[in-house]
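The primary structure of each chain is shown beneath.
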Amino acid sequence: MRIRAAVAGASGYAGGELLRLLAGHPHFDVTIAAAGASAGSAICGLHPHLPAYGGMLFTSTDAESLAGADVVFLALPHGESVKLADDLLEAGCIVVDLGADHRLHAAADWRRWYGSDHPNPGSLGAWPYGLPELPGARAALSGSKRVAVPGCYPTAVSLGLAPLLADGLIEPADIVTVAASGTSGAGRSAKTTLLASELMGDMQAYKVGAHQHTPEIEQALTGVAGTHVSLSFTTLLAPMPRGILATSTAKLAAGVTTADLSDSLHAAYDDEPFVFALPDGQWPHTAATYGSNACHIQAVADEHSGRAVVVSAIDNLCKGAAGQAVQCANLLLGLDETTGLTAIGVAP
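Residues numbered from 1 in each chain as written. Predicted model: local features only at pLDDT ≥ 70, side-chain atom pairs only at ≥ 80, totals over all residues. Heavy atoms only, no water.

A word on the overall build of the protein. Secondary structure summary: the protein contains 11 helices and 12 strands in total. In terms of its C-alpha atoms, the protein occupies a principal-axis envelope of roughly 60 × 45 × 40 Å. The burial tally for the protein puts 54% of its 348 residues in the buried class. A separation of at least 24 residues holds for 71% of the contacts in the protein among residues at least 6 apart in sequence. Summed over all atoms, the accessible surface of the protein reaches about 13,800 Å², with 55% contributed by carbon and sulfur. Within the protein, the 32 negative side-chain charges are centred at a point lying 6 Å from the centre of the 17 positive side-chain charges. (Helix = DSSP H or I, 4+ residues; strand = E, 2+ residues; numbered from the N terminus. Buried < 20%, exposed > 50% of the residue type's maximum accessible area, 1.4 Å probe, protein only. Contact = heavy atoms within 4.5 Å. Areas by Shrake-Rupley, 256 points an atom, 1.4 Å probe, with all protein chains shown as cover. Lys, Arg positive; Asp, Glu negative; His and termini not counted. Charge placed at Lys NZ, Arg CZ, Asp CG, Glu CD.)

Strand pairing in a sheet is mediated by backbone hydrogen bonds. Such pairs are either parallel or antiparallel. The parallel open sheet is built from 5 strands, whose spatial order is β2-β1-β3-β4-β5. Edge positions in the sheet fall to β2 (28–34) and β5 (146–148), since each of these pairs with one other strand and no more. Taking each pair of neighbouring strands and ignoring which way they run, the sheet shows an average axis angle of 15°. (Pairing = 2+ DSSP bridges. Axes fitted to C-alpha atoms, helices over the stretch in contact; angles between N-to-C directions.)

Once that is clear, we can look at the sheet that holds strand β8 (residues 231–237). Strand order in this open sheet of 7 strands is β7-β8-β6-β9-β12-β11-β10, and the pairing throughout is mixed. Edge positions in the sheet fall to β7 (204–206) and β10 (275–277), since each has one partner strand and no second. On average, each strand axis in the sheet is inclined to that of its neighbour by 20°, with strand direction left out of account. With 8 bridges joining them, strand β11 (residues 295–302) and strand β12 (residues 307–314) adopt antiparallel strand pairing. Bridge pairing links Gln-298 to Val-311 in β12. Across the sheet, helix α7 (residues 152–166) lies against β6 (175–181), β7, β8, β9 (244–251), β10, β11 and β12, angled at about 140° from β12, the strand it touches most.

What follows is about the pairing of β12. Counting buried positions along β12 yields 8 of 8 residues, so the element is predominantly enclosed. The alternating pattern of β12 places Arg-307, Val-309, Val-311 and Ala-313 on one face and Ala-308, Val-310, Ser-312 and Ile-314 on the opposite face, and all of these are buried. With 8 bridges connecting them, β9 and β12 associate as antiparallel partners. Note that in β12 the partner of Thr-249 across the bridge is Val-309.

Once that is clear, we can look at helix α11 (residues 318–332). Here α11 contains 15 residues, and its C-alpha end-to-end distance of 18 Å is more than 12% below the 21 Å for a straight helix at 1.5 Å per residue. Taken as a whole, α11 carries its principal kink of about 45° at Gln-324. Burial within α11 is extensive, with 15 of its 15 residues counted as buried. Where α11 terminates, the next one or two residues include Gly-334, which has phi positive at roughly 80°. (Expected span 1.5 Å × (residues − 1). Bend = angle between axes of the 7 residues up to and from the residue.)

Applying the stated rule across the entire model yields 3 aromatic pairs. Judged by centre distance (5.4 Å) and plane angle (80°), the ring pair of Tyr-153 and Phe-233 falls under edge-to-face. Placement of Tyr-153 in helix α7 and of Phe-233 in strand β8 is noted, with a sequence separation of 80 residues between them. A cation over a ring is seen here: Arg-146 above Trp-127, with NZ or CZ 5.4 Å from the ring centre. (Phe/Tyr/Trp six-rings, centres within 6.5 Å; stacked < 30°, edge-to-face > 60°. Lys NZ or Arg CZ within 6 Å of the ring centre and 35° of its normal.)

By size, the foremost hydrophobic cluster in this structure holds 42 residues, and its most contacted members are Leu-134, Leu-161, Leu-261 and Ile-297. Broken down by element, the residue count for this core peaks at 9 residues, all from α7. Residue contacts for Ile-297: discarding those within four places in its chain leaves Leu-159, Gly-160, Leu-265, Tyr-269, Val-275, Phe-276, Ala-277, Leu-278, Pro-284, Val-310, Val-311 and Ser-312. Within the second largest apolar cluster, 40 residues are counted, among which are Ala-294, Cys-318, Ala-325 and Val-326. (Core = buried A, V, L, I, M, F, W, Y, C linked by side-chain atoms within 4.5 Å.)

Looking at the secondary structure, you find Ala-321 in helix α11. The exposure class assigned to Ala-321 is buried, which follows from its relative accessible area of 11%.

Glancing now at the packing of helix α1 (residues 13–23) against α11. Axis separation between α1 and α11 bottoms out at 9 Å; the angle between their running directions is 45°. When the axes of α1 and α11 are compared, the pair comes out oblique. For the pair α1 and α11, the crossing hand works out as right-handed. The residues of α11 that touch α1, namely those facing Ala-14, Glu-17, Leu-18, Leu-21 and Leu-22, are Cys-318, Ala-321, Ala-322, Gly-323, Ala-325 and Val-326. (Parallel < 35°, antiparallel > 145°, perpendicular 65-115°, else oblique. Left-handed = near helix turned anticlockwise from the far one by under 90°.)

Our focus in this paragraph is the side chain of Thr-183. Among the structural elements, Thr-183 can be located in the loop between β6 and α8 (196–199). With a relative accessible area of 17%, Thr-183 lands in the buried category. Not counting the four nearest positions on each side in its chain, Thr-183 is found in contact with Leu-194, Leu-199, Leu-237, Ala-238, Met-240 and Pro-241.

Structure, rendered in structure tokens:
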């Protein structure tokens, strides 16, 4: 079974990770790699780690050329995917959107957190949310022609908290998350704050109280909890290329212990191929997830504060973007969702 794949936004970090994963996938052939301003240049010039694409050039990004593929992966800036999605769906393509354009359900949330009116508000809520490990997600993805792939922070935070909310072990109000991301999460565009001289030996908070992933996390976790979830979310930029380490705290329900939290996580994830509730005493490391589609999670009941502390780690480019996109595409196509992916990280 050969499946023609197109990647839009292929010059970026998430696009490059998609090309890497698809090159090793037994069923996909990348026929188009679109890259806007880089159209006409060699793929290997921007991605020298991908010699499998030797001789192949980036193309322009337009629906007509992308529509020649069976599956189109859109790894585009926020607000750009929606300009192509309807045309691609009408052409019969399966569309896997790694951007934020189809994740939120409410136009008001988009306006508040992204600072503009949504280009196609009628599409909001019509795309299945592509976090397969959440309750009901696989059923929604099966047979669909479209998927909104979650953001990297929402993936790490939601996977850590979802089982505990579903089991009533933590309170849905006053959840606090502080999460650090590697620099690739900020994209490939040149920015002064991402220069090595500015970044090395430093950590900094950014978008404090205003990060656009806040409503996405609340939306996903509200669906699990069955009641509104409120979140205080602070992000940090860490001096590393890849990875997210998210630490979330929430008020414990009466009588809940560390063993209860651990049992909940293990019950939810012990049969999952990519999410691992770690053994007692072992805590997540970002480096342990590098290059993998894995999420590592640990939790403890802090008796002093009466709060659960949940720590989760992912590779922001893999489980937080390209790997999850391939996992979702596998499900849409009726393939084993692990095809072309690994849960095994790279070390050192």
